[in-house]
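The residues making up each chain are set out below.
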Amino acid sequence: MLGLALTTLHAASCTGTDAAREERERREREQARAQRVAERTPPPPRTPSQASEGIWISRGELMRLPMGGSAWERLKAAADGSLGEADIADQDSNHDVRTLAVALVYARTGEETYRARAADAIESAIGTEDGGRTLALGRNLLSYVIAADLIDLRGYDRAREATFRAWLADVRREPFGGGPGPGTLISTAESSMSNWGGMAGASRVAVAAYLNDERDLARAAKVMKGWLGDRSAYPGIPGPLFRPDDIGEGFRAGGAENDLSWHADPERPRGVNPAGTTRDGHSIDGALPDDMRRGGPFQWPPDYTQYPREALSGFVALAEVLHRQGYDVYAWEDQALLRAARFLFELEQQFPEEEWWEPGVPVYRIINDRYGTSFPVGENTVQRNVGWTDWTHADG
């Protein structure tokens, strides 16, 4: 009887093992198939005729802006004031955004003293990334690139511009660590679904646009479309086997806790939840799940976290640069960026004691400008990676 029992137990064990193996093999096939499809998928279409002059804003657009009013006065005061010391390694540095202020005032007024000051500030930033994390580089690089474009650094000083250009080409591939994968600007943009990926991605596309790196722009556009939710778009997008050890093999979701509770489909994570997503009777359409989980696992009301706002600051800036390069990014995935902004605004309406929506976030002006919406906006008070949109995008 004991032998029979052991035989029966062994048979059941084998059956269980076989089932587990078959499920694993099925998922492996699905993973491999998904990656083959993604590799064959071309980059999103681009319409060069719709591309705009300027990485962030053109001279023509600037010349239509007023040299008066409170937003201009704040911008000019920043351009005339102390810029502080360049320190890209400090993720809370504002030298980059103040340098952008100087470049904007030059581009509007044509006064060479501002051009010279901006060029000096840009040059002083080179090399200050040493010792920092990829998040700091992602936050701080964007405004320097825009500033160099605004003052036509190449036309101003070819030698200094050549140094700046060579540095940009190298720094985007320099490993810093602190994030998933090798920790370069590009790898972080391609592997992090959270604020790290947004900040890194915005600086990555600005550098690609400045260097006229069409190949990297196309790759970045494909990654962005994948992050927004098109899982066929991005090579390496995680399939059913992505968790928990897929660092460097596509987007990594869930953080150290592998918390996927905010995702519409935890086995198929997206940067923005698809249209119509609900959980326990509550809409999470447009939620940025990998940043909402920074407040805690899904619950209602959600625990407050500022990370979705920080992530949106990166991803909208990324979208704006791509848009100006001819990519229709604001329409992608059922206007995913609009839905993301609306989700945060509606959280603010439901839970006003928190700060889910902060009107001073610069990219909210861009959202209004591109979608024709009227979300509450105010004086730029949070200028993490870019700023002065209360002047440059005043209609938004």
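Residues numbered from 1 in each chain as written. Predicted model: local features only at pLDDT ≥ 70, side-chain atom pairs only at ≥ 80, totals over all residues. Heavy atoms only, no water.

(A) Region of interest: the overall build of the protein. Counting its secondary structure elements, the protein contains 16 helices and two strands. Looking at the protein as a whole, 54% of its 396 residues are labelled buried. Partitioning the intrachain contacts of the protein with sequence separation of at least 6 by distance along the chain shows that 68% fall at a separation of at least 24. Of the roughly 16300 Å² that the protein leaves accessible, carbon and sulfur atoms contribute 48%. (Helix = DSSP H or I, 4+ residues; strand = E, 2+ residues; numbered from the N terminus. Buried < 20%, exposed > 50% of the residue type's maximum accessible area, 1.4 Å probe, protein only. Contact = heavy atoms within 4.5 Å. Areas by Shrake-Rupley, 256 points an atom, 1.4 Å probe, with all protein chains shown as cover.)

(B) Seen up close, helix α4 (residues 95–109). Here α4 is 15 residues long and its end C-alpha atoms lie 21 Å apart, about the 21 Å a rise of 1.5 Å per residue gives. Looking one or two places after α4, you find G110, whose phi comes out positive at around 80 degrees. (Expected span 1.5 Å × (residues − 1).)

(C) Here's a closer look at the packing of helix α14 (residues 332–350) against helix α15 (residues 362–371). Across the interface, α14 lies against α15 with an axial gap of 11 Å and an inter-helix angle of 130 degrees. When the axes of α14 and α15 are compared, the pair comes out oblique. Judged by the sense of rotation from one axis to the other, the crossing of α14 with α15 is left-handed. Seen from α14, the contacting residues are Q335, L337, L338, A341 and L344; seen from α15, they are Y364, I367 and Y371. (Axes fitted to C-alpha atoms, helices over the stretch in contact; angles between N-to-C directions. Parallel < 35°, antiparallel > 145°, perpendicular 65-115°, else oblique. Left-handed = near helix turned anticlockwise from the far one by under 90°.)

(D) Representation of empty space enclosed by the protein within the structure. Counted under the stated rule, the structure contains one cavity of 30 Å³ or more. In this model, the largest cavity occupies a volume close to 70 Å³. Along its surface, the largest cavity is lined by A189, G197, G201, R204, V205, A220, V223, M224, W227, F251, F315 and L318. Elements with a contribution of two residues or more to the lining of the largest cavity: α10 (195–210), α11 (214–228) and α13 (307–324). For the lining of the largest cavity, the class distribution of residues is nine nonpolar, two polar and one charged. (1 Å grid on protein atoms, 1.4 Å probe; cavity = no way out; pocket = protein on both sides within 12 Å on 5 of 7 lines; lining within 4 Å. Points joined across faces, edges and corners; volume = space filled by probe spheres on them. Nonpolar A, V, L, I, M, F, W, Y, C, P; charged D, E, K, R; others polar.)

(E) View of the environment of A220. Mapped onto the fold, A220 is located in helix α11. On a C-alpha basis, the gap between A220 and G201 in space is 7.5 Å, while along the polypeptide they are 19 residues apart. Setting aside chain neighbours within four positions, we find A220 in contact with R204, V205 and L322.

(F) Main features of the environment of A86. Inspection of the secondary structure assignment puts A86 in the loop between α3 (70–80) and α4. A relative accessible area of 15% means that A86 is categorised as buried. Non-local contacts of A86, meaning those with residues more than four positions away in its chain, are made with H95, S124, A125, T128 and Y144.

(G) Fine view of α3. If you check which residues of α3 are buried, you get A71, W72, L75, A78 and A79. Buried residues in α3, looked at end-on, bunch into an arc of 130 degrees, giving them a common side. Across from the buried face of α3, at angles greater than 90 degrees, the exposed residues are E73 and A77. Looking at the buried side of α3, the elements it contacts are α4, α5 (112–125) and α16 (389–392). (Arc of directions from axis to C-beta.)

(H) Region of the structure containing the confidence of the model for the protein. Summary statistics for the protein give a mean pLDDT of 88 and a share of 86% for residues scoring 70 or more. Long-range and interchain partners of residues 1–13, a stretch whose pLDDT sits below 50, account for zero contacts in this model, where long-range means more than four residues apart. For the stretch residues 238–249, pLDDT sits under 50, and the model shows 34 contacts to residues farther than four places along the chain or on other chains. (pLDDT = per-residue confidence, 0-100.)

(I) Summary view of the nonpolar core. Within the largest apolar cluster, 108 residues are counted, with the highest numbers of intra-cluster contacts made by M224, W227 and L337. With near-sequence residues (within four places) excluded, M224 lies in contact with F315, L318, A319, L322, V329, W332 and L337. (Core = buried A, V, L, I, M, F, W, Y, C linked by side-chain atoms within 4.5 Å.)

(J) Expanded view of unusual backbone geometry. In the segment running from W300 into P301, the intervening peptide bond is cis, with an omega of 0 degrees. Within the secondary structure, P301 is located in the loop between α12 (289–292) and α13. Despite not being glycine, D334 shows a phi value in the positive range, around 55 degrees. Position of D334 among the secondary structure elements: in helix α14. Backbone geometry at Q335 places phi at a positive 50 degrees, although glycine is not the residue there. Topologically, Q335 is positioned in helix α14. The class of Q335 is partly exposed, set by a relative accessible area of 36%.

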